[in-house]
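Per-entry structural report
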Amino acid sequence: MSYYLQKYPVEPALTTIVHHDQLPIDSIEIGRLLDTTEREKLYVFVKRGQHLSILTAYENIKTHRYHCKQYDFPLKALSWFPKALEEFRKPPAAGGLHAGAMTGVDERVGEEMLCVQAATRGYYLVNRSRQSPLYLGGSYAPSEISLSNNFLYKLGFLDLWKELGEKYAQGEL
């Protein structure tokens, strides 16, 4: 079992979305992309007031059960994450983190504390102000979404994220 240090206040959970095609009334889908890397997993960006929910929806191949997971961030993460990821990837000689760094600096984005971390084959976007749904009722663990290099760069998820970030920055969302 992993233990995490809770450094920041935890925000109340947003209403859980149980199906990517059945959004709450106050929500609107703003983008989606299918990840065909390992299994077909659909990623859906959902605007919920000043919050962003990223849904991952897929069917378990063995059980044929539908799964929809939800990761919540401030809406401002749309414009923040692509820049934070670029900074995280910079080599030390270009002003990036020291060699071997696994986590970026926690940054206040909206009213929540976010950071980028290295994963085995990609990156995590971590929200330290949100409780992971895997640990509800138990110890604290931050909410984090894992994004593979292949999905981000080859399949275009980062490009979609940047496009949505530009719309957010221009006040179009």
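Please read these numbers as outputs of a predicted model, since none were measured by experiment.

1. Section: the packing of aromatic side chains
For the coordinates displayed, the defined rule picks out eight aromatic pairs. With a centroid separation of 4.5 Å and an interplanar angle of 45 degrees, the aromatic rings of F81 and W161 are classed as tilted. Of this pair, F81 sits in helix α1 (residues 77–89) while W161 sits in helix α3 (residues 157–169), and the two are 80 residues apart along the sequence. Summarising the burial analysis for this pair, F81 and W161 share the class buried. Summarising the aromatic geometry, the rings of F88 and Y123 are spaced 5.9 Å apart at their centres and angled 90 degrees between planes, so their arrangement reads as edge-to-face. Here the residue F88 occupies a position in helix α1, and Y123 occupies one in strand β7 (residues 122–131), the gap between them amounting to 35 residues. Taken individually, F88 and Y123 each receive the classification buried, so the pair is uniform in this respect.

2. Some points on the sheet that holds strand β6 (residues 112–119)
Within the open sheet, the four strands sit side by side as β5-β6-β7-β8. Their pairing is antiparallel. Only two strands of the sheet have a single neighbouring strand rather than two, namely β5 (107–109) and β8 (142–148). Put simply, the sheet's adjacent strands are angled 35 degrees from each other on average, direction ignored. Note: β6 against β7, six bridges, orientation antiparallel. Opposite A118, over in β7, you have Y123 as the bridge partner. Across the sheet, α1 lies against β5, β6, β7 and β8, angled at about 40 degrees from β6, the strand it touches most.

3. Regarding α3
Spanning 13 residues, α3 covers 18 Å between terminal C-alpha atoms, matching the ideal 18 Å at 1.5 Å per step. F157, L158, L160, W161, L164 and G165 are the residues of α3 that are buried. The buried residues of α3 occupy an angular sector of 155 degrees when the element is viewed end-on, so they sit on one face.

Reading the values: the criteria
Residues numbered from 1 in each chain as written. Predicted model: local features only at pLDDT ≥ 70, side-chain atom pairs only at ≥ 80, totals over all residues. Heavy atoms only, no water. Phe/Tyr/Trp six-rings, centres within 6.5 Å; stacked < 30°, edge-to-face > 60°. Helix = DSSP H or I, 4+ residues; strand = E, 2+ residues; numbered from the N terminus. Buried < 20%, exposed > 50% of the residue type's maximum accessible area, 1.4 Å probe, protein only. Pairing = 2+ DSSP bridges. Axes fitted to C-alpha atoms, helices over the stretch in contact; angles between N-to-C directions. Contact = heavy atoms within 4.5 Å. Expected span 1.5 Å × (residues − 1). Arc of directions from axis to C-beta.

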